[in-house]
Amino acid sequence: MQLPRWWELGDPCAWTGQGRGTRRMSPATTGTFLLTVYTIFSKVHSDRNVYPSAGVLFVHVLEREYFKGEFPPYPKPGEISNDPITFNTNLMGYPDRPGWLRYIQRTPYSDGVLYGSPTAENVGKPTIIEITAYNRRTFETARHNLIINIMSAEDFPLPYQAEFFIKNMNVEEMLASEVLGDFLGAVKNVWQPERLNAINITSALDRGGRVPLPINDLKEGVYVMVGADVPFSSCLREVENPQNQLRCSQEMEPVITCDKKFRTQFYIDWCKISLVDKTKQVSTYQEVIRGEGILPDGGEYKPPSDSLKSRDYYTDFLITLAVPSAVALVLFLVLAYIMCCRREGVEKRNMQTPDIQLVHHSAIQKSTKELRDMSKNREIAWPLSTLPVFHPVTGEIIPPLHTDNYDSTNMPLMQTQQNLPHQTQIPQQQTTGKWYP
């Protein structure tokens, strides 16, 4: 079979000019059949027009080498310039990109990549993406526009779609044309379809994955969705076997016969593969049966007219504020009358109390006072820790500090040296001169 010249040369302009691209594969990968990959790869140019197809993976590379010559001072011929350059991409007139378009750039010294799968809703509507390049050394900027003209695909959507999870790849590595072409070639060897499209690529971090540890060159992983026009092969159906499902539930690797065709370059997690057959999908719409808890249909919402009459809130004010205030005032007056005007004095109380009750009360008061006076004269045993045992100088035994009639109820438990009447002062040694006893 004679191949066209643009197939052998791999001309990217031929890919983007027709809105679809073809990737040249090695005979060891593709065998004897022709591999057609509807994926778009293009290089950056100012105000570039690209023509992706709806439902087909679109990849646009922002090359740093192109923007290096636009930042002053301009490099001389043969001079190597390695300035850090970052890119900012947004939809014209908006702060962010469209929902289907994603952007990634690992470091300021690597190229940026725009990628995504256009939707059928945007067919025929030009999408202008503003690309702003920042030179982090000179703080200079350069801006270009990317005009995306989304076209409709005749075979979109493909009825059979499979999503693979590749553990040993990052998203920017998988977006490379060579790597993605090798993966699609391996899938076609296993699946044997007539048409095979790369539909979408998603990083595992966007699916809730965790950032891998920086050891053993671990990768974050990437999900690759492909579509074909023929049913799934028996090799892909092996994932649905009860034995493999049991091994996946036990976090064991399932047994897949065609895994060796991917293992040379791609480590696929077969427990996370997803097979979708759109020909057997039944509409999930169910008629709503009205019953308890479901309100009747009230029809369309009709907002009020603009000519609304003003409302008087004076009556509402009186009801809300004046009535509670009046009730509170009445309660305050009643309480004041009870507390002030209905009080009974001591004399009136004594006049209404029987004499025998007053005599009993007086006797109790006298007995209480007598007991309090007697408690002041009672003898108590002083703690030994508060009484000196002998004189600090002569060593003689010291008599008790207090007499019998001493009021001990007001004496503190611990006494200082100033309170001791028999404390003898010890002479202090002089620092200079002679010492006299």
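Here the structure is a predicted model, which is why all the values come from computation and not from measurement. (Residues numbered from 1 in each chain as written. Predicted model: local features only at pLDDT ≥ 70, side-chain atom pairs only at ≥ 80, totals over all residues. Heavy atoms only, no water.)

1. Things to note about the overall build of the protein
We apply this condition: Secondary structure follows DSSP: runs of H or I at least 4 residues long count as helices, runs of E at least 2 residues long count as strands, and numbering of each begins at the N terminus. With a 1.4 Å probe rolled over the protein chains alone, any residue whose accessible area is under 20% of its type maximum counts as buried; one over 50% counts as exposed, and the rest are partly exposed. Contact criterion: two residues are considered in contact whenever any of their non-hydrogen atoms come within 4.5 Å of each other.
Each helix and strand in the protein was counted, giving twelve helices and twelve strands. Per-residue burial for the protein yields a buried fraction of 31% across its 437 residues. For the protein, long-range pairs separated by at least 24 residues make up 64% of all intrachain contacts whose partners lie at least 6 apart in sequence.

2. Regarding the sheet that holds strand β4 (residues 85-91)
Stated formally: Pairing between two strands is assigned when DSSP locates at least 2 bridges connecting them. Here an axis means a line fitted to C-alpha atoms, over the contact stretch when the element is a helix, while the angle between two N-to-C directions is reported on a 0 to 180 degree scale.
The four strands are arranged β2-β8-β7-β4 in an open sheet whose pairing can be described as mixed. Every interior strand has two partners, whereas the edge strands, β2 (48-50) and β4, have only one. Across this sheet, the average inter-strand angle for adjacent strands is 25°, counted without regard to direction. As defined by bridge partners, β4 adjoins strand β7 (residues 127-135) across seven bridges and the pair is classed as antiparallel. When the sheet's bridge partners are listed, Thr86 is paired in β7 with Tyr134.

3. A closer look at the UniProt feature "transmembrane region" (unreviewed entry) in the protein
Rule in force here: UniProt positions are given in the numbering used here, feature names are shortened, and annotations may be inferred rather than shown by experiment.
The positions UniProt marks with the feature "transmembrane region" (unreviewed entry) are residues 317-340. The distance separating the terminal C-alpha atoms of residues 317-340 is 34 Å; by composition the span is 100% helix and 0% strand.

4. Some thoughts on the packing of aromatic side chains
Cut-off, in case you're wondering: Here the aromatic set is Phe, Tyr and Trp, taking the six-membered ring for Trp, and pairing holds for ring centres within 6.5 Å; pairs whose planes are under 30 degrees apart are stacked, those over 60 apart are edge-to-face, and all others are tilted.
All chains considered together, the criterion is met by twelve aromatic pairs. Measuring from ring centre to ring centre gives 6.2 Å for Phe164 and Trp270, while their planes differ by 80°; the resulting arrangement is edge-to-face. Placement of Phe164 in strand β9 (residues 160-166) and of Trp270 in the loop between α9 (260-263) and β12 (274-277) is noted, with a sequence separation of 106 residues between them. Residue class for Trp270 comes out buried when judged on its relative accessible area of 1%.

5. Section: the pairing of β7
A regular strand carries its side chains on alternate faces of the sheet. Within β7, seven of the nine residues are buried, leaving the element largely enclosed by the surrounding structure. Bridging between β7 and strand β8 (residues 141-148) involves eight bridges; their strand directions are antiparallel. If you follow Ile131 over to β8, its bridge partner there is His144. Counting the residues that bridge the hairpin from β7 to β8 gives five residues, and of these Phe139 lies at a positive phi of roughly 60°.

6. A word on the state of the cysteines
Structurally, a disulfide amounts to a covalent bond that connects the sulfur atoms of two cysteines. Our working rule: Two cysteine sulfurs form a disulfide in these notes if their separation is within 2.5 Å.
Under the counting rule described, the total for this entry stands at two disulfides. Put simply, Cys235 and Cys258 are joined by a disulfide, and their sulfur atoms are 1.5 Å apart. Measuring handedness by torsion sign, the sulfur bridge of Cys235 and Cys258 sits at about -75° and is left-handed. Linking Cys235 in helix α7 (residues 234-237) with Cys258 in the loop between α8 (242-249) and α9, this pair joins segments that are 23 residues apart in sequence. Look at Cys258 and you get buried, because its relative accessible area is 5%. Of all cysteine sulfurs, the one in Cys341 lies closest to Cys340, which takes part in no disulfide; the gap is 6.1 Å. Take Cys341: its relative accessible area is 54%, and that puts it in the exposed class.

7. Some thoughts on the pattern of salt bridges
Filter applied, for reference: The working definition used for a salt bridge is a side-chain nitrogen of Lys or Arg within 4 Å of a carboxyl oxygen of Asp or Glu.
By the definition in use, this model includes eleven salt bridges. Among the salt bridges present, the one from Arg106 reaches Glu220, with a minimum N-O distance of 2.9 Å. Of the two residues, Arg106 sits in the loop between β5 (101-104) and β6 (112-116) while Glu220 sits in the loop between β10 (196-203) and β11 (222-228), which places them 114 residues apart along the sequence. Overall, the relative accessible area of 41% leaves Arg106 in the partly exposed class. Between Arg311 and Asp316 there is a salt bridge whose closest N-O contact spans 3.4 Å.

8. Quick notes on the sheet that holds β11
Spatially, the four strands line up as an open sheet ordered β10-β11-β9-β12, and their pairing is antiparallel. Looking at which strands have only one partner, the edges of the open sheet turn out to be β10 and β12. Averaged over all pairs of adjacent strands, the angle between strand axes in this sheet comes to 15°, irrespective of strand direction. Of the pairings in the sheet, the one linking β10 to β11 comprises seven bridges and is antiparallel in character. Residue Thr202 lies in a different strand from β11, and its bridge partner there is Tyr223.

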